[in-house]
Amino acid sequence: MGFEPPQRLVRALGEAYGRAAADVWLGRFDALVRAELTEEGRGLVLDRVVAPGGRSAAVLLVTTADGVPAVLKIAPPEAGPELERAALAHWGGWGAVRLLDPQAPAGPSGGLLLERLHQEMSLRSLPEAKALLEAAGTVRRLWVEPPPGHPFESVTERTARQSGPMRAFAAADPEVEPLVEAALAARDALVAGPHETLLLHGNFRQSKVLSGERAPWLTVGPEPLVGERAYDLARLARDRVEDLIASPGGPVTARRRVKKLAESLDVDQERLHGWTLFRAVESGTRALAEGRRQTGELSLEFAGWL
């Protein structure tokens, strides 16, 4: 019996990379899993494939030859597993999931062997105020100096790469053009002057913080880069956006959240506001371009409140 990738991953990779390109990697999924499980020295036994799982990688619950529960994460090269490995190795388990084989070369698919956390319990299981408090305490641990000669792109580089598709989307949809122009102007102002160059998670939000045994809460799924802390908080600022949209006081709550996050982590509020706007508009236009209409509209409505 072959190993099948979760359908959520199949859909997400098709949206992100195109159906033909995604199918090339997905067609090798069974062979990649088998190669990772039988990699010399690992002796892994598969418990199950987590479903629905993530949008950029397959997550497999495994047991090592020593009987230790672990997670094997397998992702296509485009998802940057080698960068995730480098970031996790540098953090060394401080605030983040621990890489179980930090000194070993990557397996045949670039698979990551990680300590097993409680997949079913993220910060989204907590009340909003408590979740944001725990999130702030967790993410601050990740903000360290990057290693010498690091392979990570900068916030300036990543956001420059994202700006092109945003402009193209706005050109085809004049209704969103003012919001896109405001987001791009905010981005240009933010990268123009001096700013921090710390190692960032890159995709930090409540669902990326899971309960663990070694520590109450640990971060997973980084998309690491280097830059300022305000950029890393910007995705967290619009967490549970569906609840905000459904609330009559949503706009006020959104702006208050930006203010509280900035104050709790000693981050400049205007810079956090600017990055929150840019990241919400970038996420919204990308989701719409990929056909995820509801997600895109929620992000853009949130951005309009700022």
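Let me sum up the structure you'll find in this document. What you see is a predicted model; the values in this text were computed from it and never measured. (Residues numbered from 1 in each chain as written. Predicted model: local features only at pLDDT ≥ 70, side-chain atom pairs only at ≥ 80, totals over all residues. Heavy atoms only, no water.)

1. Let's talk about unusual backbone geometry
Only a minority of non-glycine residues have a phi that is not negative, and only a minority of peptide bonds are not trans. The following threshold applies: Numbered from the N terminus, helices here are DSSP runs of H or I no shorter than four residues, and strands are runs of E no shorter than two. Exposure classes here rest on a 1.4 Å probe applied to the protein chains alone. A residue is buried below 20% of its type maximum, exposed above 50%, and partly exposed in between.
Cis peptide bonds are those with omega within 30 degrees of zero, and the linkage from A51 to P52 qualifies with 5 degrees. Structurally, the position occupied by P52 is in the loop between strand 1 (45–49) and strand 2 (58–63). Positioned with a positive phi, R240 is a non-glycine residue whose angle comes to about 55 degrees. Tracing the backbone through its elements, the reader meets R240 in the loop between helix 8 (229–237) and helix 9 (241–246). Looking at R240, the relative accessible area reads 12%, which means it is buried.

2. Some details on the sheet that holds strand 3 (residues 69–74)
Defined as follows: We call two strands paired when DSSP finds no fewer than two bridges between them. Interaxial angles span 0 to 180 degrees and are taken between N-to-C directions of axes, which are lines fitted to C-alpha atoms, for helices over the stretch in contact. Contacts are assigned to residue pairs with any non-hydrogen atoms lying within 4.5 Å of each other.
One open sheet holds the four strands; their spatial order is 1-2-3-4, and the pairing between them is antiparallel. Whereas interior strands pair on both sides, the edge strands pair on one side only; in this sheet they are strand 1 and strand 4 (112–115). Across the sheet, the mean angle separating the axes of adjacent strands is 35 degrees when strand polarity is ignored. Bridge count between strand 3 and strand 4: four bridges; the pairing is antiparallel. Bridge assignment links K73 to a residue of strand 4, and that residue is L112. Helix 3 (residues 29–37) rests against strand 1, strand 2 and strand 3 of the sheet, and its axis sits at about 140 degrees to strand 3.

3. Description of the side chain of T276
We count it as follows: Polar contacts here mean pairs of N or O atoms no more than 3.5 Å apart (in protein, one a potential hydrogen donor and the other a potential acceptor; neighbouring residues in sequence count only if both atoms are side-chain atoms).
Take T276: it is sitting in helix 11 (residues 269–289). Since its relative accessible area comes to 1%, T276 is described here as buried. Among the polar contacts made by the side chain of T276, one reaches the main-chain carbonyl oxygen of L272 at a distance of 2.6 Å. With residues up to four places along the chain from it excluded, the contact list for T276 reads A234, A237, V258, F302 and L306.

4. Here we look at helix 8
For helix 8, a buried count of nine out of nine residues is recorded, marking the element as mostly surrounded by other parts of the structure. Looking only at helix 8, the buried set comprises R229, A230, Y231, D232, L233, A234, R235, L236 and A237.

5. A few points about the packing of helix 1 (residues 7–17) against helix 2 (residues 19–26)
Which entries qualify depends on this criterion: Relative orientations are named as follows: roughly parallel for angles under 35 degrees, roughly antiparallel for angles over 145 degrees, roughly perpendicular for angles from 65 to 115 degrees, and oblique for any other angle. Crossings are classed by handedness, with left-handed meaning an anticlockwise turn of the near helix from the far one by less than a right angle and right-handed meaning a clockwise turn. The residue classification treats Ala, Val, Leu, Ile, Met, Phe, Trp, Tyr, Cys and Pro as nonpolar and Asp, Glu, Lys and Arg as charged. All others, Gly included, are polar.
It is the contact of helix 1 with helix 2, at a shortest axis distance of 7 Å, that shows an interaxial angle of 135 degrees. Considering their axes alone, helix 1 and helix 2 lie oblique with respect to each other. Considering how the two elements wind past one another, helix 1 and helix 2 form a crossing that is right-handed. For the pair helix 1 and helix 2, the contacting residues are L9, V10, R11, L13, G14 and Y17 in the first and R19, A21, A22, W25 and L26 in the second. The class makeup of the residues in the contact of helix 1 with helix 2 is eight nonpolar, one polar and two charged.

6. So, the pairing of strand 2
Regular strands show a simple pattern: their side chains alternate between the two faces of the sheet. Burial runs high along strand 2: five of the six residues are buried. Sheet analysis places strand 1 next to strand 2, joined by four bridges and oriented antiparallel. The residue of strand 2 that forms the bridge with L46 is V62. Examined bridge by bridge, strand 2 and strand 3 share six bridges and lie antiparallel to one another. Its bridge partner lying in strand 3, A58 is registered against I74.

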